[in-house]
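# Close look at the chain arrangement
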Amino acid sequence: MKITSWNVNSVRARILNIKDYLKQSNPDILMIQEIKTEEKSFPFADFGDLGYNCYVYGQKSYNGVAVVSKKKINEINIDYIKDPKKQSRIITANIINKYIKIKLINIYVPNGNPINTDKYTYKLNWFNSFIKKTKKLLLTQKNIIIGGDFNVIPEKIDVYDYEKYENDALFKLEIRKKYQELINLGFHDIYRYFNKDKSEYTFWDYMAGSWQKNNGLRIDHFLVSNNLLDTVKGISINKKPRGKIKPSDHTPIELEIA
């Protein structure tokens, strides 16, 4: 099974690139973030033509997450945590067959910038709520995959120039500790698990030739619970969509599990 996560930066603006990606990479499940549309405006037909079912938690013009799956999913939840700002940032789904049940959690973590504002406080509080809920979930569900745009640069190796980001909400030590606190519940950052010293990125800003210079960040992640570690066949970052015309500033990350 191939599960992809991709911040598409507007599902309607990138629909041609998304369709090309689905045709070429053929994931079983695509978890997308920052769809920037309400459910009523989501391009269901475009996905349906390619054989995908869509489960959407949208919001007008901002945020929004969705799960796109070849197989129908019955257990969808958009109330994983209580968000005081009521922003569309989490959608969960259960994958069930006769062998295993996996909880998929698709997240779009707040950016948090600028620091010293309520946006940063919101990010911290959001993480605290998410960690608390996930800790509780692990008591009854051991098979969990969390994917999405975490808006966290975990380590120095995950950014082209870490000194430029020391006071950025993506790399603040306090935020990185929250990311590690989540992992310590019983997860692995699966990209880093397979690539101890490799430096690859999932995001390149539109400005200042960042893509051409490879001035990127690794802020999109898959966290896999310890119980599922032996089922993971591989993880890769697919850079091709970032080089397309009218691309998202993020590129897909692809998880393969047995």
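My aim in this report is to walk through the structure given alongside it, one point at a time. Quick caveat: nothing in here was measured; it's all calculated off a predicted structure.

Calculation rules
- Residues numbered from 1 in each chain as written.
- Predicted model: local features only at pLDDT ≥ 70, side-chain atom pairs only at ≥ 80, totals over all residues.
- Heavy atoms only, no water.
- Buried < 20%, exposed > 50% of the residue type's maximum accessible area, 1.4 Å probe, protein only.
- Helix = DSSP H or I, 4+ residues; strand = E, 2+ residues; numbered from the N terminus.
- Pairing = 2+ DSSP bridges.
- Right-handed = clockwise from strand over helix to strand, strands pointing away.
- Axes fitted to C-alpha atoms, helices over the stretch in contact; angles between N-to-C directions.
- Contact = heavy atoms within 4.5 Å.
- Salt bridge = Lys/Arg side-chain N within 4 Å of Asp/Glu carboxyl O.

## Things to note about the pairing of strand β8 (residues 144–149)
Burial analysis of β8 places 6 of its 6 residues in the buried class, which makes it a mostly covered element. Alignment of strand β7 (residues 101–108) against β8, held across 6 bridges, turns out to be parallel. Across the sheet, residue Leu104 finds its bridge partner in β8, namely Ile145. Between β7 and its parallel partner β8, the chain crosses via helix α3 (residues 118–137), and the hand of that crossover is right-handed. Bridging between β8 and strand β12 (residues 220–225) involves 5 bridges; their strand directions are antiparallel. In the strand pairing of β12, Ile145 is matched with Val224.

## Here's the deal with the sheet that holds strand β1 (residues 2–7)
The strands making up a sheet are joined through hydrogen bonds of the backbone, oriented either antiparallel or parallel. A sheet is described by the order of its strands in space; here 6 strands give the open sequence β3-β4-β2-β1-β14-β13, paired in mixed fashion. The strands lining the two open edges of the sheet, one partner per strand, are β3 (53–57) and β13 (232–237). The mean inter-strand angle of the sheet, taken between neighbouring strand axes irrespective of direction, is 15 degrees. Relative to strand β14 (residues 253–257), β13 runs antiparallel, the two being bridged by 5 bridges.

## Section: the environment of Ile78
In this fold, Ile78 is placed in the loop between β5 (76–77) and β6 (90–96). Distance in space between the C-alpha atoms of Ile78 and Ala93 is 9.2 Å, their sequence separation being 15 residues. In this structure Ile78 touches Tyr57, Ile90 and Ile91, once residues within four positions along its chain are discounted.

## So, the sheet that holds β7
Taken together, the 6 strands give an open sheet; going across it, the order is β5-β6-β7-β8-β12-β9, and neighbouring strands pair in mixed fashion. Among the strands making up the open sheet, the edge pair consists of β5 and β9 (187–189).

## Comments concerning the pattern of salt bridges
Following the criterion strictly, the structure yields 8 salt bridges and no others. Two residues, Arg192 and Asp158, come together in a salt bridge whose shortest N-O distance is 2.6 Å. One end of the pair, Arg192, is in helix α5 (residues 190–194); the other, Asp158, is in the loop between β8 and α4 (173–183), and 34 residues separate them in sequence. Look at Arg192 and you get buried, because its relative accessible area is 9%. Glu181 is the salt-bridge partner of Lys178, the closest N and O atoms lying 3.6 Å from each other.

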